[in-house]
Amino acid sequence: MHGFAYKNGSLFCENVDLQTLAETHGTPLYVYSANTILDHFRRLDQALAGIDHEVAYAVKANSNLSVLRLLAKENAGFDIVSGGELYRVIKAGGDPAHCTFAGVGKTRAEIEYALQQGIYSFNVESEAELRYIDQVAGDLGVVAPVAVRVNPNVDAKTHKYISTGKSENKFGVDFGFIEEVYDRASKELKNVKLRGLQMHIGSQLTSVDPFVEAVKKVAPLATSLKEKHGIEFWSIGGGIGIVYRESLESGAQDWWDKKADAERPLTIEEYGASIMPLIKDLGLNILLEPGRYIVGNAGVLLTHCLYEKKGTAKTFKIVDAGMNDLIRPALYEGHHEIVPLKEPNAERLKVDVVGPICESGDFFCQDRELPDFQPGETVALMSAGAYGFVMASNYNTRPLPAEILVDGSTATVVRKRQTLDDLLVGEL
Ligand SMILES: Cc1ncc(COP(=O)(O)O)c(C=O)c1O
Ligand SMILES: N[C@@H](CCCC[NH3+])C(=O)O
C-alpha cells in the first residue's frame with residue numbers, strides 16, 4: 001500500500017490534503033502515513049507466517065515516539081543501536097524483552113542500561129566486545145544474552161556507505177573466525193548466554209540474490225551453533241530495499257505490474273518466497289530487522305519553493321529545506337522524487353533543486369527534468385520516511401522540522417518544530 005496520491009488535483013496523504021498541512025504547520029515538514037507503516041509491517045510479518053519469527057523494527061530508520069508506539073501496539077520487536085534508542089522504545093511502550101541491541105561500539109553505560117532493562121539479546125560485533133559484556137554482566141551479577149554478528153563476506157550490491165557484509169566493512173566477526181569465538185565464549189565466559197546468531201549484509205538491497213547467497217552460506221553455521229551451543233534464534237538482519245524512483249506513481253500498484261520483470265524492484269513476496277525454504281526447517285526463531293522497508297515510502301518531506309534563479313549553466317529552484325533536514329542526496333546521492341502538491345501537467349523543465357545551506361552539496365536533485373513549479377508553491381520530497389528526520393541536524397543553526405502522523409482523516413503533530421530558543425538549549 002502507498003499512502004500518497006493525487007485526489008482532485010491535490011496531493012493527499014491518506015485522506016489529508018498536504019497543502020493544508022503545509023499552510024497550517026509550515027515547512028519544511030515531515031508527514032508520515034500510519035496505515036502505510038502498519039501495512040508494511042503486517043505484510044512482512046505475513047511473509048514469514050508459519051515459522052517461529054519476529055519482525056524487529058530497526059529503530060534507527062525513524063525513531064519518532066509515535067511511529068514506535070504504532071509498531072509496539074502491533075507487538076513488534078525492536079532492533080536498537082544505542083541506549084537512547086532503547087529509552088525511546090520503552091517510552092513508546094515497546095517491550096525490552098523483544099529488543100536486540102546492535103552496533104560495534106556499545107559503551108559500559110549502554111550495556112548496563114540494557115542489562116537492567118532485560119533486553120532479548122546483545123548482537124555483538126567483536127570478541128573484545130563479547131568479553132567486555134561478560135565482565136559488565138559479572139559486575140552486575142547477571143547473565144547477558146548474546147548473539148555474535150557474522151560477517152559473511154557477501155557483496156550486497158548497494159551503495160558503498162551502506163554495505164556492511166564484506167570483510168573490509170567494520171561490522172561483525174569474519175565468517176572464518178566465528179565458530180571459534182563461540183567455542184571460546186562457551187568455555188571461558190561465565191556471564192553470557194549464547195542465545196543466537198546475527199547477520200546484516202547491507203541496506204537498500206534491490207535484488208534478492210545477495211540475501212539468498214548470505215542465508216545459504218550462513219545456514220550451516222546456524223545449525224552447527226544450535227547443536228553445539230543451543231542457540232535459539234538467528235537474525236538475518238534488515239536491508240530490504242524500496243522503490244525511490246517513480247515512488248509516487250508506484251502508488252498505483254499497476255506501475256509495478258507494468259514493469260518488465262528485469263527492472264521490477266524486490267517485492268516482499270519475492271523476498272519471503274526465496275528466503276523461506278532456506279530457513280523454515282532450521283528449528284530456530286528467525287528475526288528480521290527491517291527499517292527502510294517499513295517506513296521509507298510511508299513518509300514525505302514538504303518544502304516550500306522560495307526563489308528561482310536562472311544562470312548561464314543551470315536553473316535553480318531554491319527551497320526552504322536543506323541537507324540538514326534530509327541528507328540522503330548529499331551523502332549518498334540518494335534519489336528522492338520531487339512532486340508538486342498541485343498535480344502538474346506533462347511539461348518538464350531541467351532544474352537543480354537546492355536548499356539554503358552554505359554547501360554546494362546542498363541539493364535534492366541536479367539536472368533533473370521536473371514538472372515546473374514556481375516560488376510560493378510547495379513540493380514533496382518523496383520516500384523520506386526512513387533515514388530522513390533521524391539524520392537531520394541543526395547545521396547552519398536551523399531549527400529541526402516538525403513531524404506529522406496521518407491516520408485516515410486525522411493529522412497529528414507528533415513532533416513540534418524547534419524554536420530559536422530550542423536551538424540554544426544546553427549551551428552555557
Ligand atoms: C544491524 C542492522 N540491522 C538493521 C538495519 C536496518 O536496515 P534497513 O533499514 O536497510 O532495513 C541496519 C541498517 O542498515 C543495521 O545496521
Ligand atoms: N542512512 C542510510 C542507511 C543506513 C543504514 C543503517 N545501517 C540511508 O539513508 O540510506
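Scoring rules and cut-offs
Residues numbered from 1 in each chain as written. Chains lettered and ligands numbered in written order. Predicted model: local features only at pLDDT ≥ 70, side-chain atom pairs only at ≥ 80, totals over all residues. Heavy atoms only, no water. UniProt positions renumbered as here; feature names shortened; annotations may be inferred. Salt bridge = Lys/Arg side-chain N within 4 Å of Asp/Glu carboxyl O. Helix = DSSP H or I, 4+ residues; strand = E, 2+ residues; numbered from the N terminus. Buried < 20%, exposed > 50% of the residue type's maximum accessible area, 1.4 Å probe, protein only. Near = heavy atom within 4 Å. Polar contact = N/O pair within 3.5 Å; in protein donor to acceptor, adjacent residues only side chain to side chain. Areas by Shrake-Rupley, 256 points an atom, 1.4 Å probe, with all protein chains shown as cover. 1 Å grid on protein atoms, 1.4 Å probe; cavity = no way out; pocket = protein on both sides within 12 Å on 5 of 7 lines; lining within 4 Å. Sits in = over half its atoms within 2 Å of the grid points. Nonpolar A, V, L, I, M, F, W, Y, C, P; charged D, E, K, R; others polar. Domains from an automatic or database assignment. Pairing = 2+ DSSP bridges. Contact = heavy atoms within 4.5 Å.

- The name an unreviewed UniProt entry gives the chain is Diaminopimelate decarboxylase, with Luteolibacter ambystomatis as the organism.
- Quoted straight from UniProt, the Catalytic activity (unreviewed entry) entry for the chain says "meso-2,6-diaminopimelate + H(+) = L-lysine + CO2".
- Under the Function (unreviewed entry) heading, UniProt states for the chain: "Specifically catalyzes the decarboxylation of meso-diaminopimelate (meso-DAP) to L-lysine."

**Here we look at the pattern of salt bridges**
Step number 1: Summed over all chains, the structure comprises 23 salt bridges.
Step number 2: Between D39 and R43 there is a salt bridge, and its shortest N-O distance comes to 3.6 Å. Separated by four residues within a single helix, D39 and R43 lie in helix α2 (residues 34-47), roughly one turn from each other.
Step number 3: For the salt bridge of R42 with E74, the shortest nitrogen-to-oxygen distance reads 2.8 Å. One end of the pair, R42, is in helix α2; the other, E74, is in the loop between α3 (65-73) and β6 (77-80), and 32 residues separate them in sequence.
Step number 4: On the accessibility criterion, E74 (24% relative accessible area) is partly exposed.
Step number 5: The structure contains a network of salt bridges with shared partners spanning E127, R131, E180, R184 and E188.

**Regarding unusual backbone geometry**
Step number 1: In this model, T27 is joined to P28 through a cis peptide bond whose omega is -5°.
Step number 2: One non-glycine residue, E14, lies in positive phi territory at about 50°.
Step number 3: With respect to the secondary-structure elements, E14 resides in the loop between β2 (10-13) and β3 (16-17).
Step number 4: Given a relative accessible area of 9%, E14 falls into the buried group.

**Digging into the site of ligand 2**
Step number 1: Around ligand 2 sit K60, I162, S203, R292, R328, Y332, Y387 and M391, and that is every residue in its neighbourhood.
Step number 2: In the model, an oxygen atom of ligand 2 is placed 2.8 Å from a nitrogen or oxygen of the R292 side chain.
Step number 3: Here Y332 contributes a side-chain N or O atom positioned 2.7 Å from a nitrogen atom of ligand 2.
Step number 4: Against a free-state accessible area of 310 Å², the protein chains account for coverage of 84% of ligand 2.
Step number 5: Under a 2 Å grid-point criterion requiring more than half of the atoms, the pocket assigned to ligand 2 is the largest pocket.
Step number 6: Considering only residue class, the shell around ligand 2 consists of four nonpolar, one polar and three charged.
Step number 7: Counting the residues that make up the shell around ligand 2, at least three belong to each of domain 1 (4-30 + 297-423) and domain 2 (35-292).

**Considerations on the sheet that holds β3**
Step number 1: As summarised here, the arrangement of the three strands in space is β1-β2-β3, forming an open sheet in which the pairing is antiparallel. In this open sheet, the two edge strands, each paired with only one partner strand, are β1 (4-7) and β3.
Step number 2: Relative to β2, β1 runs antiparallel, the two sharing four bridges. In the strand pairing of β2, A5 is matched with F12.

**Some words on the UniProt feature "binding site: substrate" (unreviewed entry) in the chain**
Step number 1: The positions UniProt marks with the feature "binding site: substrate" (unreviewed entry) are R292, R328, Y332, E359 and Y387. Maximum C-alpha separation among the annotated residues is 26.9 Å over a sequence range of 96 residues, too wide for a single clustered spot. The subset of the named residues that lines the largest pocket consists of R292, R328, Y332 and Y387.
Step number 2: Looking at the element boundaries, R292 is found in helix α11 (residues 292-295).
Step number 3: Looking at R292, the relative accessible area reads 4%, which means it is buried.
Step number 4: Among the polar contacts listed, one links the side chain of R292 to the side chain of Q204, at a separation of 3.4 Å.
Step number 5: By secondary structure assignment, the location of R328 is in helix α12 (residues 328-332).
Step number 6: The class of R328 is buried, set by a relative accessible area of 5%.
Step number 7: In this structure R328 touches Y244, R292, E333, G334, H336, A386 and Y387, once residues within four positions along its chain are discounted.

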